[in-house]
Amino acid sequence: MTIRIIAKFKRSREFAIDVDLDFKGDEITALFGKSGSGKSSILRFVAGFENFPNNFLKINKEILQDKTSFVEPEHRKIGYVFQSLNLFTHLSAEENLKFASKHSKANPFVKESEVIETLGLKRLLGKYPGSLSGGEQQRLAIARSLLSNPTLILLDEPLSWLDSDSKCRILNYLKEINQRFRIPMIFVSHSADEVLLISDRVYEIEDGKNKPPLAPHQFRLQYLKETENAETITIDCQVSEHDAINGLTRLTFEEENLYVEQKGLFENQKIKVEIKIKDIVISKLLAEKSSVLNQFPATVHSINDPESGPFAIVVLKKKAQSLVARVPRKYLHVLSLKEKETVFVQINTLTVCSER
Amino acid sequence: MSENDLASLFLTLKLASVTSICLAIIGTPLAWWLSQTNSFWKNIVQPLVALPIVLPPTVIGFYLLIAFSPQNFFGAAWLNSTGVPLAFSFSGLVIGSIIYSLPFYVQPVQVSFQGIQREIIETATNLGAGKIDRFLSLILPLSKKGFLIGFCLSFAHTIGEFGIVLMIGGNIPEETRVISIAIFDQVETLNYERAHFLSGFLLVFSFLILALLYRTDRAWNETSSIK
């Protein structure tokens, strides 16, 4: 299955979309870019909600739009999971699913029971969307889209409402759906982390135009080049409590404790913490007798040795969040890091970002 | 209650029911169009729909009376096709009431329609639902509150109609003598006892409609917040 999208239209007076995209079937393709770069407009075009003349869309030999024809959105077999999910609040979870399955005309190759099982929705069927958590709503929206029996699924920022635990789960579900039901997906994201976790191909979209597609490892290198020049990274934490005796505030970061000097934070407040990349140290052993303030295990995600210069870049994962460390190439062979290996991250100075 | 009063009451309820049903048929597409369009014509149609709220009923009645006259196009066309003139007839009252109560139906329904996000409808479209299906299974249930309010208000408003009826309907028993006219009649002839009775009846009846309306509205809000 191949998908070809050629789209040229003006979204507003100043902003034009001009893309030529090629997708392979059975793949998860990411459209990566800043918000406002035109990613969502492309999805809307594919779904049939932007009818501008002289555009071209072909999926699997079927022309959905060209100079003379336009297939109405309700007749396209394209699932679209909006960023706002748009669950029908007057219907129960089960009725939401029924809404989709009653309209799917083709022989369903996606079995309802299988979808419910894959996405863990069985005990939620009787509930109404308003009483579901963010992750549950997201799963329901994906399931509903699947049950309309699409040949392609579009996902607009599918993880934006979720905490990092749910993010991991949904990403795994998406992978599983992609492989199990052999449905290609195009998903839009502004987070390089998400793109790296899930996609088989990446199109970077900038100002309504696409760059040539990248394989994940190419994208990672490019992304790392940008982070290499970056001085800092940010992570999401939650404030747990003030430790008055030691004059520190305890934060939780993916179930690990971190300490900052900052005062005046509220309990349970969600904050962004900035770390200077040069302050991140990797150790294979837990430093027991050390003055380091923050120490926690993390998984090595990738090791990128540029084969010149003083530093290699190591990307570490802590659940869905990632950290970047600069390791002197001098010690690379001493550490002999391997992907998926657990190491200890040591950080002394964390800075709480003031704006949140 | 005398036979005349009963006839007036029955006529009033009949007028209100017919008017509300006609409004549901005419007003719903109009409200939908107003809620969705960005066309130039909205600038004209929207205030036209709202006019009966601000205009004295006598003004509307006066223009309707002129339009109903067989010397004018509309009145003549009606007379030719039905054989009866519009002025001082029940049909004329219905047309007057529809115009008079139009904003009370269209506005709440339009607000409800506007409250449905475009993306919700697009989602239904994406799931394969056609126009009619989207309207029946999505737009209708999501704006049921607007329909209820619009229907009840136009019904209650038609019951309370007086000025227009006086202008275009007159006072013909079982044809145009609605309850508000009957009350006026009783007061004119100093028959305060009958006037009291009919007024009291109308007061309680209107109160009950509104109480039921607000109660249902609250019940729907509660169930949707549980959901």
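Please refer to the structure placed before this passage.
What counts, and at which threshold
- Residues numbered from 1 in each chain as written.
- Chains lettered and ligands numbered in written order.
- Predicted model: local features only at pLDDT ≥ 70, side-chain atom pairs only at ≥ 80, totals over all residues.
- Helix = DSSP H or I, 4+ residues; strand = E, 2+ residues; numbered from the N terminus.
- Rg over C-alpha atoms; globule rule 2.2 N^0.38 Å.
- Buried ≥ 20, exposed ≤ 12 C-beta atoms within 10 Å, placed from the backbone.
- Contact = placed C-beta atoms within 7 Å.
- Axes fitted to C-alpha atoms, helices over the stretch in contact; angles between N-to-C directions.
- Parallel < 35°, antiparallel > 145°, perpendicular 65-115°, else oblique.
- Left-handed = near helix turned anticlockwise from the far one by under 90°.
- Nonpolar A, V, L, I, M, F, W, Y, C, P; charged D, E, K, R; others polar.
- Expected span 1.5 Å × (residues − 1).
- Bend = angle between axes of the 7 residues up to and from the residue.
- Pairing = 2+ DSSP bridges.
- Core = buried A, V, L, I, M, F, W, Y, C linked by C-beta atoms within 7 Å.

A. Representation of the overall build of chain A within the structure. Counting its regular elements, chain A contains eight helices and 20 strands. For chain A, the C-alpha radius of gyration of 23 Å lies close to 21 Å, the compact-globule estimate for 356 residues. Structurally, chain A occupies a C-alpha span of about 70 × 50 × 40 Å along its principal axes. Counting over 356 residues, chain A shows a buried share of 37%.

B. Molecular detail of the overall build of chain B. Along chain B, the regular secondary structure elements total eleven helices and zero strands. Dimensions of chain B, computed from C-alpha atoms along their principal axes, come out at roughly 65 × 45 × 30 Å. Long-range pairs, those at least 24 residues apart, make up 74% of the contacts in chain B with a sequence separation of at least 6.

C. Quick peek at the packing of helix α1 (residues 3-36) of chain B against helix α5 (residues 90-115) of chain B. Residues and elements named next belong to chain B. At their nearest, the axes of α1 and α5 sit 7 Å apart, and the two run at 45° to each other. Judged by the inter-axis angle, α1 sits oblique to α5. The hand of the α1/α5 crossing is right-handed. Of the residues belonging to the contact of α1 with α5, the class tally is 17 nonpolar, eight polar and no charged.

D. Here's a closer look at α1 of chain B. Compared with an ideal rise of 1.5 Å per residue, which puts 34 residues at 50 Å, α1 of chain B spans 48 Å between its outermost C-alpha atoms and is within 8% of the ideal. By the largest-angle criterion, G27 of chain B marks the main kink of α1 of chain B, which is about 35°, and a proline, P29 of chain B, follows within four residues.

E. Examining the sheet that holds strand β13 (residues 256-260) of chain A more closely. Residues and elements named next belong to chain A. Across the sheet, five strands lie side by side as β13-β12-β11-β14-β20; this open sheet has antiparallel pairing. Looking at strand neighbours, the two that pair on one side only are β13 and β20 (351-352), the edges of this open sheet. Bridging between strand β14 (residues 270-276) and β20 involves two bridges; their strand directions are antiparallel. The residue bridging E274 from the neighbouring strand is T351, located in β20.

F. Just the nonpolar core, in detail. By size, the foremost hydrophobic cluster in this structure holds 72 residues, and its most contacted members are V46, A143 and L154 of chain A. It is helix α4 (residues 134-147) of chain A that provides the largest number of residues to this core, a total of six residues. With 38 residues, the next largest nonpolar core counts L11, I95, I164 and V165 of chain B among its residues.

G. Examining the pairing of strand β17 (residues 311-318) of chain A more closely. Residue and element names in this part refer to chain A. Relative to β17, strand β16 (residues 294-304) is paired through five bridges, and the arrangement is antiparallel. By the bridge assignment for β17, N304 is matched with I313. Hairpin remark: β16 followed by β17, antiparallel, with six residues in the connecting loop; positive phi at E307, about 65°. In terms of strand pairing, β17 meets strand β18 (residues 321-328) through eight bridges, oriented antiparallel. Counterpart to V315 in the pairing with β18 is V324. If you look at the hairpin formed by β17 and β18, you'll find two residues sitting between the two strands, and K319 has a positive phi there, around 50°.

H. How the structure looks around the interface of chain B and chain A. The interface of chain B with chain A comprises 15 residues on the first partner and 20 residues on the second. Of all the elements in the fold, those that place two or more residues in the side of chain B that touches chain A are α6 (118-126) and α7 (131-142) of chain B. Counting residues per element, the side of chain B that touches chain A draws most heavily on α6 of chain B, at six residues. Considering only residue class, the side of chain B that touches chain A consists of six nonpolar, six polar and three charged.

So far we have only geometry, and geometry alone does not tell us how the molecule works.
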